[in-house]
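What follows is each chain in one-letter form.
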Amino acid sequence: MIQRIQTVYLLIVAGLFIALMFLPLAVVQTSEVLYTFGVAGVSTTTQPPELVYPTWALMAIAAIIILLSFAIIFMYKKRVLQMRMCVFNALLTIGFCALSGFYLWQISNSPELSEILVRISPRFWASFPVIALILLYLAIRNIGADETLVRSLERLR
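Engineer: Whenever I open this one, the pairing of strand S3 (residues 41–44) confuses me. Can you help?
Structural biologist: On any regular strand, side chains alternate: one points to one face of the sheet, the next to the other face. The sheet contact formed by strand S2 (residues 34–37) and S3 spans 3 bridges and is antiparallel. Looking at S3, one finds that Thr36 is bridged to Ser43. Two elements, S3 and strand S4 (residues 51–54), share 3 bridges in a ladder whose sense is antiparallel. Considered in S4, the bridge of Ser43 is made with Leu51. The loop that links S3 with its antiparallel partner S4 comprises 6 residues.

Shown next, in the form of structure tokens:
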């Protein structure tokens, strides 16, 4: 289970999304206040941070991706199901990217911020879902390679 490379890929995917829970995806700068956009929502950078616009759907999708990544690791005896769940996890990751883009678009076009919005600057870790998609693709390929190897060995018996 742990000795397979796809397990490492899935652990990295889970780690990337755990890191996204605590890191901001973008910084929204207005003429008055600096806001951070993260998985939990848009919050101010003042002490203590105040949640201005919650994005609970992003938090829920990220939590599902993390839990599903760990669950996929323990499905090593059912490789076809493991591949299907990896594809579902990849679709959830694409949905996470689309929903975070939608929230950023909605923030930039909100009537309250349209006059005073200066700039939205994404952070480096906003690329973590894209890296996770690549790792999920590699995991799917390696699980498929394991399945073909097992089937070819069963054919020889």
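Engineer: What should I look at first to understand the packing of helix H2 (residues 56–73) against helix H3 (residues 79–108) in this one?
Structural biologist: Geometrically, a packed helix pair is captured by the angle between its two axes and the distance between the axes. Interaxial distance between H2 and H3 falls to 10 Å at its minimum, and their mutual angle equals 160 degrees. In terms of axis orientation, H2 runs roughly antiparallel to H3. The two elements H2 and H3 meet at a crossing, and its hand is left-handed. Contacts from Ala57, Leu58, Ile61, Ala62, Ile64, Ile65, Leu68, Ser69, Ile72 and Ile73 in H2 reach Gln82, Met85, Cys86, Phe88, Asn89, Leu92, Thr93, Phe96, Leu99, Ser100 and Tyr103 in H3. When the residues that make up the contact of H2 with H3 are grouped by side-chain class, the tally is 16 nonpolar, 5 polar and no charged.

Engineer: Whenever I open this one, the confidence of the model for the protein chain confuses me. Can you help?
Structural biologist: Summing up the model confidence of the protein chain, the mean pLDDT is 87 and the portion of residues at 70 or higher is 92%. Looking across the protein chain, the model is least confident in strand S5 (residues 117–122), with a mean pLDDT of 73, and most confident in H2, with 94.

Engineer: Is there a simple way to think about H2 in this case?
Structural biologist: One full turn of an α-helix is made of 3.6 residues, so residues set three or four places apart face in the same direction. Between its terminal C-alpha atoms H2 stretches 26 Å, which fits the 26 Å expected from 18 residues at 1.5 Å a residue. Residues Leu58, Ile61, Ala62, Ile65, Ile66, Leu68, Ser69, Ile72 and Ile73 constitute the buried set of H2. When H2 is viewed along its axis, its buried side chains cluster within an angular range of 170 degrees and face the same direction. Counted as exposed and oriented over 90 degrees from the buried face of H2: Trp56 and Leu67. Each element contacted by the buried residues of H2 is listed here: helix H1 (5–22), S2 and H3.

Engineer: What is the right way to read a nonpolar patch on the surface from this model?
Structural biologist: On the surface, Leu11, Ile18, Phe22 and Phe70 cluster together into a nonpolar patch covering about 380 Å² of accessible area. Looking at which element gives the most residues to the nonpolar patch, the answer is H1, with 3 residues. Of the residues examined, Leu11 reaches a relative accessible area of 37% and is grouped as partly exposed.

Engineer: Is there a simple way to think about the environment of Gly15 in this case?
Structural biologist: As for its position among the elements, Gly15 is in helix H1. Among the residues examined, Gly15 registers a relative accessible area of 36% and is labelled partly exposed. Taking C-alpha positions, Gly15 is 9.6 Å from Ser69, a pair spaced 54 residues apart along the chain.

Each value, and the rule that gives it
Residues numbered from 1 in each chain as written. Predicted model: local features only at pLDDT ≥ 70, side-chain atom pairs only at ≥ 80, totals over all residues. Heavy atoms only, no water. Pairing = 2+ DSSP bridges. Helix = DSSP H or I, 4+ residues; strand = E, 2+ residues; numbered from the N terminus. Axes fitted to C-alpha atoms, helices over the stretch in contact; angles between N-to-C directions. Parallel < 35°, antiparallel > 145°, perpendicular 65-115°, else oblique. Left-handed = near helix turned anticlockwise from the far one by under 90°. Contact = heavy atoms within 4.5 Å. Nonpolar A, V, L, I, M, F, W, Y, C, P; charged D, E, K, R; others polar. pLDDT = per-residue confidence, 0-100. Expected span 1.5 Å × (residues − 1). Buried < 20%, exposed > 50% of the residue type's maximum accessible area, 1.4 Å probe, protein only. Arc of directions from axis to C-beta. Patch = residues over 30% accessible without salt bridge, like charges linked within 9 Å, V, L, I, M, F, W, Y side chains within 5 Å. Areas by Shrake-Rupley, 256 points an atom, 1.4 Å probe, with all protein chains shown as cover. Salt bridge = Lys/Arg side-chain N within 4 Å of Asp/Glu carboxyl O.

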